Amino acid sequence: MIYMDNAATTRMDERVFEAMRPYMLEQFANSAGTYGFASVSSQAVEKARKQVAFVIGAKASEIYFTSGGTESDNWALKGAAKALEGKGKHIIISAIEHHAILHSAQALEREGFEVTVLGVDSDGVVTPEKVESAIRPDTILVSIMAANNEIGTIEPIEAIGAVCKKYGVLFHTDAVQAFGHIPLDVEAMHIDMLSASAHKFHGPKGVGMLYVRRGVKLTPFMDGGAQEKKRRAGTTNVPGIVGMGAAAELAKANLDESMKKMSAVRDHLIARIESEIPHARLNGHRTNRLPGNVNFCFRFIEGEGMLMLLDAAGICASSGSACTSGSLDPSHVLLAIGLPHEIAHGSLRLSLSEATTMQEADEVVDALKGIIPRLRSMSPLYEDFVRNENK
């Protein structure tokens, strides 16, 4: 099997599993307990908080653990909106945000908030100028993702953060795809809130975090106990949090090497596809993109058929976000960068890890060189295109 769907989820690092193991078997106490046995779990959670904070240049006290990126995104938008609605009810997001942000914004609109959805250019970039022009006196929050989960474009977060700081507007970034894969610094980038999810960087599923800058008002998203300094109720997921901390520490330590290795394989994949498969379009920014992201549209084919044939060849890939894999609609991200429906339907996302080899990349391209012509041979649109080209 060749696994090229790391943007959907990554294989847990064995060192992460070993770090978690004691807290599932021996040190299983609820970290909220008042006895000594529980204090071991509590100390492990606080160590993980420091490990996660270190990756983004935050303070440990500013890290709040959640069940994952979706909860963190929901909490950031809805919690900030409710806390600041006395100041204003205007929120700014981009058209290529993850559905956790898009649907949260739509939910807030139903409650009387006004949402401005910013367009992007053909590479999927949200410009700081566009953000600045959309800010109004009643704007309370801007949420722009750090890097897109489908096309891999890295956004100018530092410049956008500076605009938000200039106008005193809260700035959140969905960094689920970026955390542990590219450098992030909440101070330098003027970020007030940041979402991340452990399973995107070789940690466990079901655990994430929200960075909340000290002093930021945020209504609790879940009611119940007093966990996470009374801001996020629910029994603490000690093994998951320990795993997230261990994965974050490993990601930070290996960041430069991982970026270099993945970028080399990524660029090799892109170069071979562009030179050897006709009518293929690279989506996303050519250079300013995630090290492990390759996204193409192939004209005159349906992406679903391509994925099925890749699967039959032992290759795991996707056509976009795993969260919308059951939808027959074309990607909202590809439509936002200006692609027509018929081209957007032929999309392929290959997402790498540091374990992905050049040999695997070559095997994938070789498989595509057989699959794409096979699918096009069944397309009447392709027949018409070839006929017209030969006239």
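Residues numbered from 1 in each chain as written. Predicted model: local features only at pLDDT ≥ 70, side-chain atom pairs only at ≥ 80, totals over all residues. Heavy atoms only, no water.

Draft legend 1. Quick peek at the sheet that holds strand S8 (residues 208–212). In spatial order, the strands read S2-S8-S7-S6-S5-S3-S4; together these 7 strands make up an open sheet with mixed pairing. Where the open sheet ends on each side, the last strands, each with one partner, are strand S2 (63–66) and strand S4 (114–118). The mean inter-strand angle of the sheet, taken between neighbouring strand axes irrespective of direction, is 20 degrees. Direction of pairing for strand S7 (residues 193–197) relative to S8: antiparallel, over a ladder of 5 bridges. Its bridge partner lying in S8, serine 195 is registered against leucine 210. Contacting S2, strand S3 (90–94), strand S5 (139–143), strand S6 (170–174), S7 and S8, helix H4 (residues 69–84) runs over the sheet at an angle of about 160 degrees to S7. (Pairing = 2+ DSSP bridges. Helix = DSSP H or I, 4+ residues; strand = E, 2+ residues; numbered from the N terminus. Axes fitted to C-alpha atoms, helices over the stretch in contact; angles between N-to-C directions. Contact = heavy atoms within 4.5 Å.)

Draft legend 2. Summary view of the packing of helix H11 (residues 303–312) against helix H14 (residues 358–376). Where H11 meets H14, the axes come as close as 10 Å, and the angle between the chain directions of the two elements is 140 degrees. As judged from the angle between their axes, H11 and H14 are oblique. Here H11 runs over H14; the crossing is right-handed. For the pair formed by H11 and H14, the contact residues are Gly305, Met306, Leu309 and Leu310 on the first element and Ala367, Leu368, Ile371, Ile372, Arg374 and Leu375 on the second. When grouped by side-chain class, the residues that make up the contact of H11 with H14 number 8 nonpolar, 1 polar and 1 charged. (Parallel < 35°, antiparallel > 145°, perpendicular 65-115°, else oblique. Left-handed = near helix turned anticlockwise from the far one by under 90°. Nonpolar A, V, L, I, M, F, W, Y, C, P; charged D, E, K, R; others polar.)

Draft legend 3. Quick peek at the pairing of S2. Burial along S2 is two-sided: Ile63 and Phe65 facing one way and Tyr64 and Thr66 facing the other are all buried. By the bridge criterion, 4 bridges tie S2 to S8 in an arrangement that is antiparallel. Within the sheet, the bridge partner assigned to threonine 66 lies in S8 and is glycine 208. (Buried < 20%, exposed > 50% of the residue type's maximum accessible area, 1.4 Å probe, protein only.)

Draft legend 4. Local environment of the sheet that holds strand S12 (residues 347–351). On the basis of which strands lie adjacent, the open sheet formed by 3 strands has the order S9-S10-S12 and antiparallel pairing. Strands with a single pairing partner mark the edges of an open sheet, and in this sheet they are strand S9 (280–282) and S12. Adjacent strand axes in the sheet meet at a mean angle of 25 degrees when their direction is disregarded. The pairing of S9 with strand S10 (residues 293–298) spans 3 bridges and is antiparallel. From the neighbouring strand, arginine 281 faces S10, where its bridge partner is cysteine 297. On top of the sheet, helix H10 (residues 255–276) reaches S9, S10 and S12; it is set at about 15 degrees to S10, its chief contact. Sitting on the sheet, H11 is in contact with S10 and S12, with an inclination near 40 degrees to S12.

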